[in-house]
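# Coordinate inspection notes
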Amino acid sequence: MNDTDFPEIKTGNGIDRDLAATANDHIKKAVIEVNKLTTTIEIFNKQSSKQTDKLVKLTWWIVGLTIVMVIGLIIQIILAL
């Protein structure tokens, strides 16, 4: 957002009314942007949680496969003796 996104509003009813209308417009635009940001953060959090769950599952698969490899190694050592 930049200064061109916040034009001054001229109501024709005096400077105090112009300032109030301009301030209300600025507040409304700021609230819209904050709502968009909040929605974006919520979507990011959901996607991040899904990715974290997948990484945790993958890590447990790696742990399981490592245990299987160690057991296989122990069996090979026993058979070699």
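Please read all numbers here as calculations on a predicted model, not as lab measurements.

What follows covers the UniProt feature "transmembrane region" (unreviewed entry) in the protein. As recorded in UniProt, the sites labelled "transmembrane region" (unreviewed entry) are residues 58-79. Spanning residues 58-79, this segment combines 100% helix with 0% strand, and its end C-alpha atoms are found 31 Å apart.

Together, Lys46, Lys50, Lys54 and Lys57 make up a region of like positive charge exposed at the surface. Structurally, lysine 54 can be placed in helix α1 (residues 15-80). Look at lysine 54 and you get exposed, because its relative accessible area is 62%.

Proximity of charged atoms lets side chains of opposite charge pair with each other. Enumeration over the complete set of coordinates arrives at two salt bridges. Note that aspartate 25 and lysine 29 form a salt bridge whose closest N and O atoms lie 3.5 Å from each other. With aspartate 25 and lysine 29 both in helix α1, this residue pair falls four residues apart, about one helical turn. The closest approach of N and O atoms between glutamate 33 and lysine 36, which form a salt bridge, is 3.7 Å. You can see glutamate 33 and its partner lysine 36 sitting in helix α1, three residues apart, about one turn around the helix. Overall, the relative accessible area of 33% leaves glutamate 33 in the partly exposed class. Assessed through its relative accessible area of 48%, lysine 36 is described here as partly exposed.

About the criteria used
Throughout, residues of each chain are indexed from 1 in the direction in which the sequence is written. This being a predicted model, a pLDDT of at least 70 is required before a residue's local features are given, and a value of 80 or more before pairs of side-chain atoms are given or counted; all residues contribute to the totals for chains, interfaces and linings. To obtain the side-chain values, all non-hydrogen atoms of the structure were included, while hydrogens and water were left out. UniProt positions are given in the numbering used here, feature names are shortened, and annotations may be inferred rather than shown by experiment. The way it works is that DSSP assigns letters per residue, a run of H or I at least four long becomes a helix, a run of E at least two long becomes a strand, and they are numbered from the N terminus. Without a salt bridge and with relative accessible area above 30%, a residue can belong to a patch; like charges are then joined within 9 Å and nonpolar side chains (Val, Leu, Ile, Met, Phe, Trp, Tyr) within 5 Å. What sets the accessible areas is the Shrake-Rupley method with a 1.4 Å probe; for residues, cover comes only from the shown protein chains. We define a salt bridge as a side-chain nitrogen of Lys or Arg found within 4 Å of a carboxyl oxygen belonging to Asp or Glu. Positive: Lys, Arg. Negative: Asp, Glu. His and the chain ends are not part of the count. For the purpose of locating charges, the reference atoms are NZ of Lys, CZ of Arg, CG of Asp and CD of Glu. For every residue, the accessible area obtained with a 1.4 Å probe (protein chains only) is divided by the maximum for its type, and the residue is called buried under 20%, exposed over 50%, and partly exposed between those limits.

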